[in-house]
Amino acid sequence: MTAIISSMSDKPQIILGIESSCDETACAICLNDRNKIILLSNIIASSQSIHIKYGGIIPEQAAREQVRSIIPVITEALDEAQLSPDKIDAIAVTQGPGLIGSLLVGVETAKTLSLVWGKPLIPVNHLIGHFYANWVNNRLSGQPEFPFLGLLVSGGHSDLVLFQDHGRYQYLGGTRDDAAGECFDKCARLINLPYPGGPEISKRAKLGDPTKFRLPVPMKNSGDFDFSFSGLKTAVSNTVKELALNEETVNNLSASIEETIIKHLIDKTIKAAKLSNIEQIVIAGGVAANRRLQTTFEEEIKTQGLKISLLIPPPNLCTDNAAMIAAAGLFTAAAPSVLHVEANPNLSLSN
Ligand code: KG4
Ligand code: ZN
């Protein structure tokens, strides 16, 4: 059985998205109104409170919580949108990357619903999906316009991608070791802040002075578009060994960590933007929820006199959600056979 959505006219108009790549179980329903993506419902259940106890995600535990949450979350999304399944035109699901146990729950549920409801199934690369949060609800700041430079900054990925069109992009570079979010999380652990570290460091950074600890900005003079965050983590670890951690030092170190991560991201992104001559930078992923990243980016664009606009999703659509998966599905609808969609934990942007 093959359901191909080929022409513009039979593209899905109402799509149900499912996201289950990590510790969030999410379902959202989006409507395509002449290429404006309207969010009809957006439900997220998170098992984060369980993982906080362990300072990180336990994959087996995350998968169990996915199983527990998936049906209630889908039911709630349909209820909130006041739609019955027959009104859904297609189902989009995160195929990968992510934790295999978590991914399987979303993919197999989506395959089952696709067969039972008789709807096409659209597999979505979670990393590409993050960028589509910028299309949701046609925000005041505008929608992405091709070509644009995409910066993905999440817990597992930090990538620079040049987008020419839906489904057409060129990978420019990415992290050689830890991702930006991972660096926030690991540094937080070193200074006794809870998981997830990004929001915690950000909170404490507001109370600190970034000049008290000098941390090295990575790869300042490299000629590529790659990132590296593991040296920064080591520098924090070495600093902590010679320090008494108290409110003040944690606040000051938080300010330095945040500032250094942001500087590294901005340096490389602006360099790529100048070289590729684009007029828009679109940021996506959990770290994009960092308010300081946004303001520092805007300041730097202004200081350098660049004519580049900046798009960042609202904070609740930066971190994992299903609205971005539904929106990606609406623009990239070419559904293969339901039975040929398999969870793939190793999907990336570079191949
Ligand atoms: O995109 P996401 O929700 O999940 C992945 O696909 O990885 O990103 C999660 C990451 C975590 O590392 C978390 O610490 C980070 O995003 N994060 C933040 C902020 N909110 C979440 N990092 C810095 N500042 C924030 N406000
Ligand atoms: Zn994500």
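Since this is a predicted model, take the numbers as computed values, not measurements. (Residues numbered from 1 in each chain as written. Chains lettered and ligands numbered in written order. Predicted model: local features only at pLDDT ≥ 70, side-chain atom pairs only at ≥ 80, totals over all residues. Heavy atoms only, no water.)

*Asks:* Give a description of the site of ligand 1 that names residues and reports values.
*Replies:* Taken together, 20 residues are adjacent to ligand 1, and G155, D185, G198, G286 and D320 come closest. The contact in question runs from an oxygen atom of ligand 1 to an N or O atom on the backbone of G155, over 2.7 Å. Measuring from an oxygen atom of ligand 1, one finds a backbone N or O atom of G198 at 3.0 Å. With the chains in place, 87% of the 550 Å² that ligand 1 exposes on its own is no longer accessible. (Near = heavy atom within 4 Å. Polar contact = N/O pair within 3.5 Å; in protein donor to acceptor, adjacent residues only side chain to side chain. Areas by Shrake-Rupley, 256 points an atom, 1.4 Å probe, with all protein chains shown as cover.)

*Asks:* Which residues make up the sheet that holds strand 5 (residues 121-125), and what values go with them?
*Replies:* Within the open sheet, the 5 strands sit side by side as 3-2-1-4-5. Their pairing is mixed. The open sheet has two free edges, formed respectively by strand 3 (36-46) and strand 5, since each of these has just one partner strand. Averaged over neighbouring strand pairs, the angle between their axes works out to 20° when direction is ignored. Alignment of strand 4 (residues 90-96) against strand 5, held across 5 bridges, turns out to be parallel. Within the sheet, the bridge partner assigned to I91 lies in strand 5 and is L121. Of the strands in this sheet, strand 1 (14-19), strand 2 (24-33) and strand 3 are in contact with helix 2 (residues 59-81), which crosses strand 2 at around 30°. (Pairing = 2+ DSSP bridges. Helix = DSSP H or I, 4+ residues; strand = E, 2+ residues; numbered from the N terminus. Axes fitted to C-alpha atoms, helices over the stretch in contact; angles between N-to-C directions. Contact = heavy atoms within 4.5 Å.)

*Asks:* Which residues make up the coordination of the zinc ion (ligand 2), and what values do they have?
*Replies:* Ideal geometry at a metal gives 109.5 degrees between four tetrahedral donors and either 90 or 180 degrees between six octahedral ones. Binding of the zinc ion (ligand 2) to the protein goes through H126 (NE2), H130 (NE2) and D320 (OD), at separations of 2.0 to 2.1 Å. Around the zinc ion (ligand 2) sit 4 donor atoms, and with donor-metal-donor angles ranging over 97 to 137° the site reads as irregular. In the primary structure, the donors to the zinc ion (ligand 2) are separated according to the pattern H-x3-H-x189-D. On the criterion of sequence distance, the pair formed by H126 in helix 4 (residues 126-132) and D320 in the loop between helix 10 (315-318) and helix 11 (323-331) is long-range, its members being 194 residues apart. Here H126 matches D320 in class, with each residue buried. (Donors = N, O, S within 2.8 Å, 3.2 Å for Na, K, Ca; no water. Tetrahedral: all angles 85-135°; square planar, octahedral: opposite > 155°, others 65-115°. Buried < 20%, exposed > 50% of the residue type's maximum accessible area, 1.4 Å probe, protein only.)

*Asks:* Before we move on, can you summarise the sheet that holds strand 9 (residues 280-284) with the specific residues and values?
*Replies:* On the basis of which strands lie adjacent, the open sheet formed by 5 strands has the order 8-7-6-9-10 and mixed pairing. The open sheet is flanked by strand 8 (168-174) and strand 10 (309-311), the only strands paired with a single partner. The mean angle between the axes of side-by-side strands here comes to 25°, regardless of whether they run parallel or antiparallel. Pairing of strand 9 with strand 10, which is carried by 3 bridges, proceeds in the parallel orientation. Paired with Q280 across the bridge in strand 10 is S309. Contacting strand 6 (148-153), strand 7 (158-165), strand 8 and strand 9, helix 8 (residues 247-276) crosses the sheet at an angle of about 160° to strand 6.

*Asks:* Which residues make up the layout of surface pockets, and what are the values?
*Replies:* In this structure, the largest pocket encloses a volume near 1,100 Å³. For the largest pocket, the lining is made up of 39 residues, of which S154, G155, G156, D185 and Y195 are closest to its centre. Every element with two or more residues in the lining of the largest pocket is listed here: helix 4, helix 5 (180-190), helix 6 (197-205) and helix 10. (1 Å grid on protein atoms, 1.4 Å probe; cavity = no way out; pocket = protein on both sides within 12 Å on 5 of 7 lines; lining within 4 Å. Points joined across faces, edges and corners; volume = space filled by probe spheres on them.)

*Asks:* Go over the pattern of salt bridges, please, and point to the residues and values.
*Replies:* Applying the stated criterion across every chain, the model contains 17 salt bridges. The residue E342 makes a salt bridge to K111 at a minimum N-O spacing of 3.8 Å. Note that E342 is positioned in the segment after helix 11 and K111 in helix 3 (residues 100-117), a separation of 231 residues in sequence. Owing to a relative accessible area of 43%, E342 belongs among the partly exposed residues under this scheme. With its nearest N and O atoms 3.3 Å apart, the salt bridge here joins K263 to D267. Placement of both K263 and D267 in helix 8 is noted, with a separation of 4 residues, approximately one turn of the helix. Among the residues examined, K263 registers a relative accessible area of 37% and is labelled partly exposed. What emerges from the salt-bridge pattern is a single network uniting R176, D224, D226 and K268. (Salt bridge = Lys/Arg side-chain N within 4 Å of Asp/Glu carboxyl O.)

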